[in-house]
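The lines below spell out each chain.
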Amino acid sequence: MTTELYPPARLAQVQEATAEAGLGALLLTPGPDLRYVTGYDAIQLERLTCLVVPGEGEPFLVVPRLELAAAQASPAGALGVEMVPWDETDDPYALVARRLPSGLAAVGLADRMWAVMALRFRDAMPGARQVPAGRVMGRLRVRKSPAEVAALREAGAAIDRVHRLVPGLLKAGRTEREVGRDIAEAIVAEGHARVDFVIVGSGPNGASPHHELSDRVIGHGEPVVVDIGGTMPSGYCSDETRNYCVGEPPADYTAYYEVLRRAQQAACEAVRPGVTPEAVDAAARDVIADAGYGEFFIHRTGHGIGLETHEDPYIVAGNTEPLRPGMAFSIEPGIYPGEHGARIEDIVVCTEDGFERMNLIDRALTIVD
């Protein structure tokens, strides 16, 4: 699967896109862009690791000598790209500058590059204007290949399995932190390489979309928002939100939860090629607003997902770039009145004639004892 997810031809595609963007070179340090191009999940260190993709000429990978073996053993080792090791007393930024043509007008820096590294490159290439590499990489990464969609489907199935375990973990008298710890263990046990986040928002904490785990004790009759995700060994991410209640839910919660279900379904059904992200956002927002809960929907409807949990495209008002097959993103409207809250989230992929959900478990409120 590694070759399918990180095909050797991708490096040439990135180089072509770099030249078309008018950049002298693309400088990719450890992070999702480097992994997308080479398959190398490099450690982020203060020592520079950097894939240099010139607009013209041969790409090369600069690595600390102590990381050379790891780089060679990674999928990058099969690409045939030159690996240039540097020693502790070397200046790797000057090394990169020396190997590139002088007088470059502009270079692209990885969007997740540390600021201190960007400043070092600025000093090493003072005449080169620095621009975000996302101008090049975003266009390539936003549409997932069939192999990438398969990886997201696998991630969706894995996080579905975790949510199926949640009813057995949620009990009145347990704290959010205790439940969250068990969920985190399940995320890894069900196939993820690492846990990215665990949100267990009980009662009023459910009205905070990015609530951190706390020592709050979950009470009987309280709704609980569970939003969880992780990264698979493939590098691709999961993200799914479902809602639970320990005992019978409050009547006002039940009323707006049904509105939320309709809104989430409406947004999913709006997805197809040519539709804009802002139209998908409006499909959910209109249902919620028409029911009188518009002021309680306080965030965008979704975000792209792939090698990062949050990436393009963003499903939000103002985004008029039409959806295309292969684009993957969340559909996650929420209603947060204050005493409690709810959010329903699936990852979907735009297909040739509509959409495919990566998360398949029921979106109904789950009542647990």
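Since the model is a prediction, treat every value here as computed from it, not as a measurement.

1. Comments concerning the overall build of the protein
The number of helices and strands found in the protein is 11 helices and 17 strands. Whereas a compact globule of 369 residues would reach a radius of gyration of roughly 21 Å, the protein reaches 23 Å, a difference of no more than 12%. Relative to its full complement of 369 residues, the protein shows a buried share of 56%. Carbon and sulfur atoms make up 51% of the accessible area of the protein, which amounts to about 15,100 Å² in all.

2. Re the pattern of salt bridges
Between side chains of opposite charge, a pair can form when the charged atoms approach closely. Applying the stated criterion across every chain, the model contains 27 salt bridges. One salt bridge in this structure joins Glu 88 and Arg 47, with 2.9 Å as the shortest N-O distance. Residue Glu 88 is found in the loop between strand S4 (82-86) and helix H5 (92-99), and its partner Arg 47 is found in the loop between helix H3 (32-38) and strand S2 (50-54); the two are separated by 41 residues along the sequence. Under the relative-accessibility criterion, Glu 88 is labelled exposed at 55%. The partly exposed category is assigned to Arg 47, whose relative accessible area is 24%.

3. Quick notes on the pairing of S2
Successive side chains on a regular strand alternate, one facing one side of the sheet and the next facing the other. When you tally the buried positions in S2, you get 5 out of 5 residues, the bulk of the element. Alternating positions in S2 separate into two faces, Cys 50, Val 52 and Pro 54 on one and Leu 51 and Val 53 on the other, with burial throughout. Two strands pair when backbone bridges link them, and S2 and strand S3 (residues 60-64) are joined in this way by 3 bridges, in the antiparallel orientation. If you follow Val 52 over to S3, its bridge partner there is Phe 60. What sits between S2 and S3 in their antiparallel hairpin is a turn of 5 residues, with Gly 57 showing a positive phi close to 105 degrees.

4. Digging into the sheet that holds strand S8 (residues 222-231)
Strand order in the open sheet formed by 4 strands is S7-S8-S9-S17, with mixed pairing between adjacent strands. The sheet terminates laterally at strand S7 (194-202) and strand S17 (366-368), the two strands that pair on one side only. On average, adjacent strands in this sheet sit at an angle of 25 degrees to one another, irrespective of strand direction. Here 3 bridges tie strand S9 (residues 240-246) to S17, and the two strands are oriented parallel to one another. Bridging across to S17, Cys 245 finds its partner in Ile 367. Running over the sheet, helix H8 (residues 146-165) touches S8 and S9 and is turned about 10 degrees from S9. Across the sheet, helix H9 (residues 176-189) is in contact with S7 and S8; its angle to S7 comes to roughly 150 degrees.

5. Some thoughts on the sheet that holds strand S1 (residues 25-28)
The 6 strands are arranged S4-S3-S2-S1-S5-S6 in an open sheet whose pairing can be described as mixed. Two strands lie at the open edges of the sheet, namely S4 and strand S6 (129-132), each paired on one side alone. Shown here is a sheet whose adjacent strand axes are inclined to one another by a mean of 25 degrees, direction ignored. When S1 meets S2, the two strands line up antiparallel, connected through 4 bridges. Each residue of the ladder has a partner; that of Leu 27, found in S2, is Val 52. The sheet contacts of helix H2 (residues 9-20) involve S1 and S2, and relative to S2 the element is tilted by about 60 degrees. In this fold helix H7 (residues 134-141) packs onto S1 and S6, with an angle of close to 25 degrees to the strand it touches most, S6.

6. As for H7
Three or more residues of H7 are buried, namely Val 136, Met 137 and Arg 141. When H7 is viewed along its axis, its buried side chains cluster within an angular range of 110 degrees and face the same direction. Summarising the contacts, the buried residues of H7 are in contact with H2, S1, H3 and strand S11 (311-315).

7. Notes on the packing of aromatic side chains
Using the criterion set out here, one finds 4 aromatic pairs in the structure. Between Tyr 253 and Tyr 256, the ring centres sit 5.2 Å apart and the planes meet at 70 degrees, which makes this aromatic pair edge-to-face. On the criterion of helical spacing, the pair formed by Tyr 253 and Tyr 256 is a turn pair, its members being 3 residues apart in helix H10 (residues 251-270). On the basis of relative accessible area, Tyr 253 is assigned to the buried category, the value being 0%. Through a chain of ring-to-ring contacts, three or more aromatic side chains come together here, namely Tyr 253, Tyr 256, Tyr 257 and Tyr 293.

Conventions used here
Residues numbered from 1 in each chain as written. Predicted model: local features only at pLDDT ≥ 70, side-chain atom pairs only at ≥ 80, totals over all residues. Heavy atoms only, no water. Helix = DSSP H or I, 4+ residues; strand = E, 2+ residues; numbered from the N terminus. Rg over C-alpha atoms; globule rule 2.2 N^0.38 Å. Buried < 20%, exposed > 50% of the residue type's maximum accessible area, 1.4 Å probe, protein only. Areas by Shrake-Rupley, 256 points an atom, 1.4 Å probe, with all protein chains shown as cover. Salt bridge = Lys/Arg side-chain N within 4 Å of Asp/Glu carboxyl O. Pairing = 2+ DSSP bridges. Axes fitted to C-alpha atoms, helices over the stretch in contact; angles between N-to-C directions. Contact = heavy atoms within 4.5 Å. Arc of directions from axis to C-beta. Phe/Tyr/Trp six-rings, centres within 6.5 Å; stacked < 30°, edge-to-face > 60°.

Function cannot be inferred from these measures alone, as they are strictly geometric.
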